[in-house]
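In case you want the letters, here they are:
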Amino acid sequence: MFNGSKQGRRESLILAITSKVTLQQGVCRARSMAGKIKGETELELAQIRRENPSFHAMTARPNAVDPHQHPEILPYVASDNPIMGRKFGLAVRLVAKYMGWMHSPTQPLGKVLTELTMGRLDGKIEQEIGKKKGGVERLEGGFVVLENTVLRQLAGLN
């Protein structure tokens, strides 16, 4: 998304990458490879940000992404295996009920991601960084990583 120069600002590109949180517990080659690739990507994007201040990138890390209350996107949710689809639906409902802090309903999440790329939440992100409670990490060069707890707060779900 390009922010216009209506207010005398230079045009800038804001990129929000979503990268579902994956638990790194136990020895699992696929998980460690995915974690390595994610980490290297974030460091490279931080380097690009350092070299080009008009490029703003961040990673959003939602947890249990739940499309079930968002009928507009349900036709696009992969459901190759009906049994696994039902198990996923049950798992997400259990997370929503018993571990709400991990729950990421797609409709509010989508709104937050859109507002992030429009630069509308910059002030709120800075406030979260200032609280030093966790959930937000700033890498060198200004690259920001937003954990699910902060995404939920920005969406008004906490």
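I will try to describe carefully the structure that is included in this document. From a predicted model like this one, the values you see are computed outputs, not experimental measurements.

A short note on the overall build of the chain
Link 1 in the chain: Tallying secondary structure elements over the chain gives 5 helices and 7 strands in all.
Link 2 in the chain: The order of α-helices and β-strands along the chain, N terminus first, is β-β-α-β-β-α-β-α-α-β-β-α.
Link 3 in the chain: Within the chain, the proportion of its 158 residues that are buried is 32%.
Link 4 in the chain: Within the chain, contacts between residues at least 6 apart in sequence are counted, and of these 65% link residues at least 24 apart.

Comments concerning the pairing of strand β7 (residues 144–147)
Link 1 in the chain: Relative to β7, strand β3 (residues 55–61) runs parallel, the two sharing 4 bridges. The partner of Ala60 across the bridge, within β7, is Leu146.
Link 2 in the chain: Bridge count between strand β6 (residues 136–138) and β7: 3 bridges; the pairing is antiparallel. Of the residues in β7, the one forming a bridge with Val136 is Leu146.
Link 3 in the chain: Linking β6 to β7, which pair antiparallel, is a turn of 5 residues; within it Gly141 sits at a positive phi near 90 degrees.

Let's talk about empty space enclosed by the protein
Empty space left among the atoms is revealed by rolling a probe the size of a water molecule over them.
Link 1 in the chain: Tallying each qualifying case throughout the model produces 1 cavity of 30 Å³ or more.
Link 2 in the chain: When its volume is computed, the largest cavity comes out at roughly 60 Å³.
Link 3 in the chain: Around the largest cavity sit His103, Ser104, Pro105, Pro108, Leu109, Val112, Asn148, Leu151, Arg152, Ala155 and Leu157, which together line it.
Link 4 in the chain: Within the lining of the largest cavity, the residues separate by chemical class into 7 nonpolar, 3 polar and 1 charged.

Some remarks on helix α3 (residues 106–117)
One full turn of an α-helix is made of 3.6 residues, so residues set three or four places apart face in the same direction.
Link 1 in the chain: Spanning 12 residues, α3 covers 16 Å between terminal C-alpha atoms, matching the ideal 16 Å at 1.5 Å per step.
Link 2 in the chain: Where α3 is concerned, the buried positions are Thr106, Leu109, Val112, Leu113, Glu115, Leu116 and Thr117.
Link 3 in the chain: Just beyond α3, the residue with positive phi is Gly119, at close to 80 degrees.

A closer look at the nonpolar core
Among soluble globular proteins, nonpolar side chains are generally buried collectively.
Link 1 in the chain: Within the largest apolar cluster, 15 residues are counted, with the highest numbers of intra-cluster contacts made by Leu116, Leu146 and Leu151.
Link 2 in the chain: Broken down by secondary-structure element, the contributors of at least two residues to this core are β3, α3, β7 and α5 (148–154).
Link 3 in the chain: Sort the elements by how many residues they give to this core and α3 lands first, with 4 residues.
Link 4 in the chain: Counting residues in each nonpolar core, the second largest holds 7 residues, with Leu45, Ala46, Ala57 and Leu139 among its members.

Points about the pattern of salt bridges
Link 1 in the chain: All chains considered together, the criterion is met by 5 salt bridges.
Link 2 in the chain: Residue Glu40 pairs with Lys36 through a salt bridge whose shortest N-O separation is 3.0 Å. Placement of the pair is Glu40 and Lys36 together in helix α1 (residues 29–51), with a separation of 4 residues, close to one helical turn.
Link 3 in the chain: You can call Glu40 partly exposed: its relative accessible area is 41%.
Link 4 in the chain: Between Arg61 and Glu147 there is a salt bridge; the shortest N-O distance is 3.1 Å. Of this pair, Arg61 sits in strand β3 while Glu147 sits in strand β7, and the two are 86 residues apart along the sequence.
Link 5 in the chain: Bridged by salt links that share partners, the residues Glu42, Arg61 and Glu147 form one connected network.

Procedures and definitions
Every chain's residues receive numbers from 1 upward, in the order its sequence appears when written. Per-residue local features are limited, in this predicted model, to residues with pLDDT of at least 70; the limit for side-chain atom pairs, both in listing and counting, is 80 or more; totals at the level of whole chains, interfaces and linings are taken over all residues. Note: side-chain values were computed over all heavy atoms of the structure, leaving out hydrogens and water. A run of DSSP states H or I qualifies as a helix once it reaches four residues; a run of E qualifies as a strand once it reaches two. Both are numbered from the N-terminal end. Residue exposure (1.4 Å probe, protein chains only): buried if accessible area is under 20% of the type maximum, exposed if over 50%, otherwise partly exposed. Whether two residues are in contact is decided by their heavy atoms: any pair within 4.5 Å suffices. Note: two strands are recorded as paired if DSSP finds a minimum of 2 bridges between them. In the cavity and pocket records, a cavity denotes points on a 1 Å grid over the protein atoms alone where a 1.4 Å probe fits but cannot get out, a pocket denotes an open set with protein on both sides within 12 Å along at least 5 of 7 lines, and lining residues are residues with an atom within 4 Å of a point. Grid points are joined across faces, edges and corners, and a volume is the space filled by probe spheres set on the points. Under the grouping applied here, Gly and all other residues not named as nonpolar or charged are polar, the nonpolar ones being Ala, Val, Leu, Ile, Met, Phe, Trp, Tyr, Cys and Pro and the charged ones Asp, Glu, Lys and Arg. To estimate how far a helix should reach, multiply one less than its number of residues by 1.5 Å. Put simply, a nonpolar core is a bunch of buried Ala, Val, Leu, Ile, Met, Phe, Trp, Tyr and Cys residues held in one set by side-chain atoms that sit within 4.5 Å of each other. Only one rule defines a salt bridge in this text: a Lys or Arg side-chain nitrogen within 4 Å of an Asp or Glu carboxyl oxygen.

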